[in-house]
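If you want the building blocks of each chain, they are given just below.
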Amino acid sequence: MTEKVLYEELCPAEFQDRLQACPVAYLPLGTLEWHGPHLPLGADGIQSQELFIRTAERIGGIVVPKLFLGPDRFYHDPERELYGMDICTGGTIVPYEMQQLPGSAYWMPDEEYRGMILRIGANLSRAGFKILAAHGHGPSIRQFGALKEELHSKCGLIGVTAFDFMEDDRLRFQNDHAAANETSITMAVRPELVQLERIRNGEELPIAVAGADPRTDASREYGMEILEMNVNALCRGIGELLNKEKLTL
């Protein structure tokens, strides 16, 4: 039987047991966002949730339900509201016109996002957590990182991301947008959701995909390597924090 690590699936007694053993909450910073023609719209949250499930199964702690709202670049004129990869600013595999990409429905202003994260932190602190690990959508990670001191001073939480423990850029978790890194991770954790044939057969272009070309550089093996290295790094880093703070392990 698979160990239960998802917050919403735990009964109160199970919650208390896991919290006492390892007071770590894992927050997947997801979006509902275009990730090329070949990846699911919830790719950010799917990848980070799978990372955290494996970490929690190995070292302990509880995985919080994933978010689907996040900050990003924003453009507004009287006729339309565009954000994130709707806005082509370079660095993508193929150039494309600025446009509303199908399915993206996640943007919120930076100030509102920071307020939401602090409110989540306050609730998790009240429930008894001491460490909050968060990862996922790139701009969300950056905003979370900028809030670490405030999370500690206002909520008593130590904030960490997977980027804190993995220095090798090739293996950093979710270090591109729908390109070889994210495609490979999704192939490793949810292969049934990846439709590479959509861009490999030439009928669809990898629009709004930034990073190494997934048509040539993505593989399940690469994704498994990224996943395993980051689970190991998170377990090691969080374990050291728990020991340092004498929070149990």
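As a reminder, the structure under discussion sits directly above these lines.
Once a new chain begins, its residue numbering starts again from 1 and follows that chain's sequence as written. Whole-chain, interface and lining totals are the exception, using all residues; otherwise, since this is a predicted model, local features are given only for residues with pLDDT of at least 70 and side-chain atom pairs are given and counted only at 80 or more. Heavy atoms throughout the structure, all of them, feed into the side-chain values; hydrogens and water do not.

Chemist: Describe the sheet that holds strand β5 (residues 131-136), with residues and values.
Modeler: Taken together, 4 strands build an open sheet; the order of strands is β2-β1-β5-β6 and the sheet is parallel. Strand pairing shows two members of the sheet lacking a second neighbour, β2 (62-63) and β6 (158-160), which therefore form its edges. In what follows, a contact means two residues having at least one pair of non-hydrogen atoms within 4.5 Å. Fitted lines through C-alpha atoms serve as axes, helices being fitted only where they are in contact, and the angles separating the N-to-C directions of these axes extend from 0 to 180 degrees. Strands here are runs of E lasting at least two residues and helices are runs of H or I lasting at least four, both read from the DSSP assignment and numbered beginning at the N terminus. Contacts from helix α4 (residues 138-146) reach β1 (24-29), β5 and β6, with the element oriented near 150° to β5. When DSSP finds two or more bridges between two strands, those strands count as paired.

Chemist: Describe the packing of helix α6 (residues 180-189) against helix α9 (residues 220-244), naming the residues involved and giving the relevant values.
Modeler: The contact between α6 and α9 brings their axes to 7 Å, and the two run at 90°. As judged from the angle between their axes, α6 and α9 are roughly perpendicular. Here Ala-180, Asn-181, Ser-184, Ile-185, Met-187, Ala-188 and Val-189 of α6 lie close against α9, whose contacting residues are Arg-220, Tyr-222, Gly-223, Met-224, Ile-226 and Leu-227. Class assignment for the residues of the contact of α6 with α9 results in 9 nonpolar, 3 polar and 1 charged. Just so you know how the angles are binned, under 35 degrees is roughly parallel, over 145 roughly antiparallel, 65 to 115 roughly perpendicular, and the rest oblique. Residues are grouped as follows: Ala, Val, Leu, Ile, Met, Phe, Trp, Tyr, Cys and Pro are nonpolar; Asp, Glu, Lys and Arg are charged; every other residue, Gly included, is polar.

Chemist: Explain the side chain of Asp-86 to me, using residue names and the numbers behind them.
Modeler: Within the secondary structure layout, Asp-86 lies in the loop between β4 (80-83) and α3 (110-127). Arg-73 provides the closest opposite charge to the buried, unpaired Asp-86, separated from it by 8.3 Å. Setting aside residues no more than four positions away along its own chain, Asp-86 makes contact with Glu-81, Tyr-96, Met-98, Gln-99, Gln-100 and Leu-101. Relative accessible area decides the class of each residue, using a 1.4 Å probe on protein chains only: under 20% of the type maximum gives buried, over 50% gives exposed, and in between gives partly exposed. When charges are counted, Lys and Arg are positive and Asp and Glu negative, with His and the chain ends excluded. What makes a salt bridge here is a side-chain nitrogen of Lys or Arg within 4 Å of a carboxyl oxygen of Asp or Glu, nothing more.

Chemist: Provide a residue-level description of the pairing of β5, including the pertinent values.
Modeler: β5 sits mainly inside the fold: 6 of its 6 residues count as buried. Burial along β5 is two-sided: the face carrying Ile-131, Ala-133 and His-135 and the face carrying Leu-132, Ala-134 and Gly-136 are both buried. Taken together, the 6 bridges between β1 and β5 define a ladder with parallel strand orientation. Bridge pairing in β5 places Tyr-26 opposite Ala-133.

Geometric values such as these leave the question of function open.
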